[in-house]
Amino acid sequence: MSGRVFSVILLPTSECNVACDYCFEHKEPHRLSSVLVPLLTRRLLDHLEHEDIEECEIYWQGGEAMIMGPAWFADAGKLMDSAAAARGRRFTHYLQTNLISYSPTWNDVLRTMFSGSLGTSMDYPNVHRKLFKGGAEAYTELWTRRLHEARAAGIEVDVIAVLHQASLDAGPERFYRYFADELGLDNFQVNTPFPGGPASKVEGGFHLDNDELAKFLAGLFDVWIERGYASGVSLGPFDALIHHFTGAPARLPCIWKENCSNQFISVDSKGTVAQCDCWVTSYPESFFGNMFREPDLTRMLRESPARREFVERPKHLVEHEDCLSCRYLSICHGGCPVRTYSALGTMLAKDPYCEVYKAVFGRAETHARKILRSRLVTDVDRSAKLEMKRDQTIRMGNIVGSCETKVQ
């Protein structure tokens, strides 16, 4: 087979049990019926066969995915995995949840279907993630308790933090200390924010100054290199950038994919297909089609006018923006289309965080060069020690040989 991996961001519900200020999703009380799971599975497996792809990654999100309950996931996972195995394919499942509904009843399905891990989100300081009753402070308290409960049960928890103005005000040192020291995390990721929802209703209150944001991220990169890199703390996307610039295999985040339209789609609880969860929950004008109404997902993706714009975006950026002259084009590829669309009303422009990305890439290069030089010095030192040891062994051999000759 081709060896490629196809990814699906799957939203079994758009319902949610919290009230975050910056949520861009259109909420409605709808859930994916278990009756439709076999049809969904068949459509995905047909596409994998058409494209000669062996593995499909399913990223279960929402809304809030845990609203579906552990029994629903256990049944859906067994059905999907069994159907995939029968056709020589494989589903790999990942869960993204706000953790608020977590309890020990989830542990069995987390261990079997999700390999004992889950992803969640928390910001520092938390001022925008809120419970319906109790606000941000109550949210933080409950989330922290759920985090400790899941980790005590042996569940690996990865955390995404979305930056906002209070994060920048706190500074990179305090930000890092909260996640790495106070929460004790060794795997977390920092995301830049974007104003979701219709482009005509940009949520300007969440806009961050690019210079200030770039300074914060560069500082956070430095703190991580100094305190976390050598001790095994993974901080995305910095860790992937270090891998990239040191020549190691790197899986960069979706905002820097060569063309995200070639690698993943999103499907909501009604079968609506769009590029990612941001598009499928906010921008009906960019829907590709409906998986439950159209029998051929491969044809849908090939013929969708809305998807064509995604496919052609990189070419347009090279022809109409200054991306071609940028030394980081092979990493960034013009940035995220939905962040561009939500801010500018079009995806046919480069990401508004272009200058921020350049600053981060530059800092990554600087640290990567230092790491490579350190490795070179270490290798040279190791080689010198091995050579010295070899010489000593030869000399000792000569001495022993001489003694043996004299004894004889």
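Residues numbered from 1 in each chain as written. Predicted model: local features only at pLDDT ≥ 70, side-chain atom pairs only at ≥ 80, totals over all residues. Heavy atoms only, no water.

1. Details of the pairing of strand β3 (residues 90-95)
Residues Phe 91, His 93 and Leu 95 of β3 are buried on one face, while the alternating residues Arg 90, Thr 92 and Tyr 94, pointing to the opposite face, are not. Direction of pairing for strand β2 (residues 55-60) relative to β3: parallel, over a ladder of six bridges. By the bridge assignment, Cys 56 is partnered in β3 with Phe 91. At this point the chain moves from β2, through helix α2 (residues 70-86), to the parallel β3, and the crossover so formed is right-handed. (Buried < 20%, exposed > 50% of the residue type's maximum accessible area, 1.4 Å probe, protein only. Helix = DSSP H or I, 4+ residues; strand = E, 2+ residues; numbered from the N terminus. Pairing = 2+ DSSP bridges. Right-handed = clockwise from strand over helix to strand, strands pointing away.)

2. Digging into the packing of helix α7 (residues 210-229) against helix α8 (residues 238-245)
Here α7 crosses α8 at 80°, and the two axes come no closer than 11 Å. Relative to α8, the element α7 is oriented roughly perpendicular. Of the residues in α8, those in contact with Leu 217, Leu 220, Phe 221, Trp 224, Ile 225 and Tyr 229 of α7 are Phe 238, Asp 239, Leu 241 and Ile 242. For the contact of α7 with α8, the per-class residue count stands at nine nonpolar, no polar and one charged. (Axes fitted to C-alpha atoms, helices over the stretch in contact; angles between N-to-C directions. Parallel < 35°, antiparallel > 145°, perpendicular 65-115°, else oblique. Contact = heavy atoms within 4.5 Å. Nonpolar A, V, L, I, M, F, W, Y, C, P; charged D, E, K, R; others polar.)

3. Some points on the pattern of salt bridges
Enumeration according to the criterion identifies 20 salt bridges in this entry. Residue Glu 55 is joined to Arg 90 by a salt bridge in which the shortest nitrogen-to-oxygen separation is 3.0 Å. Taken together, the positions of Glu 55 in strand β2 and Arg 90 in strand β3 put the pair 35 residues apart, joining distant regions of the chain. The partner of Arg 174 in a salt bridge is Glu 182, with the nearest N and O atoms 2.6 Å apart. On the basis of relative accessible area, Arg 174 is assigned to the partly exposed category, the value being 24%. Since its relative accessible area comes to 44%, Glu 182 is described here as partly exposed. Salt bridges sharing common partners tie together Glu 173, Arg 177, Asp 181 and Arg 227. (Salt bridge = Lys/Arg side-chain N within 4 Å of Asp/Glu carboxyl O.)

4. What to know about the pairing of strand β8 (residues 264-267)
Covered by surrounding structure in β8 are Phe 264 and Ser 266 together with Ile 265 and Val 267, the residues of both alternating faces. Of the strand pairs in this sheet, strand β1 (residues 5-10) and β8 are connected by four bridges, and their pairing is parallel. Bridge pairing in β8 places Ser 7 opposite Phe 264. Across two bridges, the pairing between β8 and strand β9 (residues 272-274) is antiparallel. Bridging across to β9, Val 267 finds its partner in Val 273. The antiparallel pairing of β8 with β9 creates a hairpin that spans four residues between the two strands, and Gly 271 there sits at a positive phi of about 90°.

5. Here we look at the sheet that holds strand β7 (residues 234-236)
One open sheet accounts for four strands, arranged β4-β5-β6-β7; its pairing is parallel. Each edge of the sheet is formed by a strand with only one pairing partner; in this case those strands are β4 (117-121) and β7. Adjacent strand axes in the sheet meet at a mean angle of 20° when their direction is disregarded. Here strand β6 (residues 187-191) runs beside β7; their pairing, made up of three bridges, is parallel. Of the residues in β7, the one forming a bridge with Asn 187 is Ser 234. Relative to β6, helix α6 (residues 172-182) is tilted by about 145°, and along the sheet it contacts β5 (156-162), β6 and β7.

6. Considerations on the confidence of the model for the chain
When pLDDT is averaged along the chain, the result is 90, and 89% of the positions lie at 70 or above. The low-confidence segment residues 393-408, where pLDDT is below 50, has zero contacts with residues more than four positions distant or belonging to other chains. (pLDDT = per-residue confidence, 0-100.)

7. Focus: empty space enclosed by the protein
Inspection of every chain in the model, using the stated rule, returns one cavity of 30 Å³ or more. Lining the largest cavity are 13 residues, with Asn 259, Cys 260, Arg 313, Gly 335 and Pro 337 positioned closest to its centre. No other element matches the four residues that helix α11 (residues 305-320) contributes to the lining of the largest cavity. Of the residues belonging to the lining of the largest cavity, the class tally is seven nonpolar, three polar and three charged. (1 Å grid on protein atoms, 1.4 Å probe; cavity = no way out; pocket = protein on both sides within 12 Å on 5 of 7 lines; lining within 4 Å. Points joined across faces, edges and corners; volume = space filled by probe spheres on them.)

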